[in-house]
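# Structural characterization, general
Each chain, letter by letter, is given below.
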Amino acid sequence: SDMAAKAANAAIAKANINRNEIDKIIFATTTPDKLMPSTATILQHKLGINKAASFDIQAVCSGFVYGISIAHSFIQSGFAKNILLVASEKMSSVVDWNDRSTCILFGDGAGAAIISANNSEEELRNSAIIGTKIYSAGEFSNILYAEGLYSKDGSFGKMCMEGREVFKYAVQSMYNSSLELLEELGMSFADIDLFVPHQANIRIINSLAKKMNIDESKVITTIDIHANTSAASIPLALDYAVKNNRLKRGDLVLISAAGSGLCWGSSLIKW
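Cut-offs used in this document
Residues numbered from 1 in each chain as written. Predicted model: local features only at pLDDT ≥ 70, side-chain atom pairs only at ≥ 80, totals over all residues. Heavy atoms only, no water. 1 Å grid on protein atoms, 1.4 Å probe; cavity = no way out; pocket = protein on both sides within 12 Å on 5 of 7 lines; lining within 4 Å. Points joined across faces, edges and corners; volume = space filled by probe spheres on them. Helix = DSSP H or I, 4+ residues; strand = E, 2+ residues; numbered from the N terminus. Nonpolar A, V, L, I, M, F, W, Y, C, P; charged D, E, K, R; others polar. pLDDT = per-residue confidence, 0-100. Contact = heavy atoms within 4.5 Å. Polar contact = N/O pair within 3.5 Å; in protein donor to acceptor, adjacent residues only side chain to side chain. Pairing = 2+ DSSP bridges. Axes fitted to C-alpha atoms, helices over the stretch in contact; angles between N-to-C directions. Core = buried A, V, L, I, M, F, W, Y, C linked by side-chain atoms within 4.5 Å. Buried < 20%, exposed > 50% of the residue type's maximum accessible area, 1.4 Å probe, protein only.

There is about 1,500 Å³ of room inside the largest pocket. The wall of the largest pocket is formed by 45 residues, among which Ala113, Ile114, Ile115, Arg249 and Trp271 lie closest to the centre. Mapped by element, the contributors of at least two residues to the lining of the largest pocket are α1 (2-15), α3 (63-77), β3 (82-90), β4 (108-116), α5 (121-126), β5 (128-136), α9 (233-243) and β10 (263-270). Taken together, the residues that form the lining of the largest pocket break down as 27 nonpolar, nine polar and nine charged.

This is the structure in C-alpha cells:
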C-alpha cells in the first residue's frame, strides 16, 4: 500500500481530479498488506478518499488488464464516473531466494491510472477504452503458483514455476486474446501504434512481437529496468512510454498480459 499510495497520488495529480470525486478504488495485487481487510481500503485511508467503494482483485500478472475490464464495465453501466485503478506488487516477499531460476526474474513496483467517464462525444472520439478480453484456465494452475496462508501443507511464500510451460502458454494466450479482440473490432495488428505487453521476460515479448508482426519500434520493453513486477508491469511500462515520448494522444495502444491461474487478457485503448 505504501508504493500504491505514491503511484496513486501521482496519477491523481496528473489527472487534475479532486480525490473526493473518485467513487471506486480497484486494487490489483498478489501481495496484499494483510489477509484482511483489503489493501484497497488501507490505500483509501492513506489517500484520504472518503466516498469510494474499494476492493482488491487477484489476477496476478493480468491484474491491470482485469482491472481495466471491471472499470470499463462500471463506467459503461453508469455505476461509476471516476475510478482509481492501482496495481502494486512486492514480489520480493513471495519468491524463494534459494531458487535462482525464479527469484532473479521479479521486482517490486506500483502503477496507477484514473479512468473516467467521457463527458461528450468529442471526448469519446479522442480517448477511450475500446474493448477488453479476459480469460482464465484453471487446469493450468499448477504450472505457476506460490503457496500461502491457505496452503494445505503449511508452506508460505514459495513461488514455483514450470518455465517452459509458462512460456508456451503465455505467448499463445496473449496472442489469441489480442487477435480475438482486434478481429471483433474489425481491426488488425497493423492498426496498432503501440504494443505494451506484460513484462514477463524478453523472450516472451520478442516472440509475441514476431508472431504479431509488430515492429520493435512499436513495442515497449521495460523488463531491464523494473524486472517482472506482475500486475504492476503494464502501468509501469505505460508510464515509461509517456515519460519517454513514446505515447501520444490518439494512439491506439494494445496491452496484453498472462500469468498464474492461468489468467490472461488484452485491452485496446485509444490514448
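A separate point is the confidence of the model for the chain. The predicted model of the chain averages 88 in pLDDT, with 87% of residues at 70 or higher. Averaged pLDDT values over the elements of the chain bottom out at 63 in α5 and peak at 98 in strand β1 (residues 24-28). Between residues 150-154, whose pLDDT stays under 50, and residues either more than four places distant or in other chains, the model counts one contact.

As a further point, take the side chain of Ser177. Within the fold, Ser177 resides in helix α6 (residues 163-184). At a separation of 2.7 Å, a polar atom in the side chain of Ser177 contacts the side chain of Ser266. Residue contacts for Ser177: discarding those within four places in its chain leaves Lys133, Tyr135, Ser256, Trp264, Gly265 and Ser266.

Right, let's get into the side chain of Ser173. Relative to the assigned elements, Ser173 resides in helix α6. Residue contacts for Ser173: discarding those within four places in its chain leaves Ala258 and Trp264.

With mixed pairing, the four strands of this open sheet are ordered in space as β5-β10-β9-β8. On the outer flanks of this sheet lie β5 and β8 (194-197), each paired with one strand and no other. The sheet shows a mean angle of 10° between the axes of neighbouring strands, direction not considered. Strand direction decides the pairing type here: β5 and β10, joined by eight bridges, are antiparallel. Looking at β10, one finds that Ser136 is bridged to Cys263. Where α3 meets the sheet, it contacts β5, β9 (252-259) and β10, and its direction lies at approximately 125° from that of β5. The strands touched by α9 within the sheet are β8 and β9, with β8 carrying the most contacts at an inclination of about 145°.

It is worth spelling out the nonpolar core at this point. As a rule of thumb, soluble globular proteins bury nonpolar side chains together. Core analysis: the largest hydrophobic core is formed by 33 residues, its most contacted members being Phe64, Ile68, Val196, Ile234 and Ile255. When contributions to this core are tallied by element, the ones reaching two or more residues are β1, α3, β3, β8, α9, β9 and β10. No other element matches the seven residues that α3 contributes to this core. Judged by nonpolar contacts, the second largest core, of 23 residues, contains Phe195, Ala258, Leu262 and Trp264.

Turning our attention to the sheet that holds strand β2 (residues 53-57). Within a sheet, adjacent strands bond to each other through the backbone by hydrogen bonds, running parallel or antiparallel. Strand order in the open sheet made by the four strands is β2-β1-β3-β4, with mixed pairing throughout. Since the sheet does not close on itself, it has two edges, and those belong to β2 and β4, each with one partner. Neighbouring strand axes in the sheet, compared pairwise and without regard to direction, differ in orientation by 15° on average. Two strands pair when backbone bridges link them, and β1 and β2 are joined in this way by five bridges, in the parallel orientation. Directly across from Ile25, in β2, lies its bridge partner Ser54. The sheet contacts of α1 involve β1, β3 and β4, and relative to β4 the element is tilted by about 35°.

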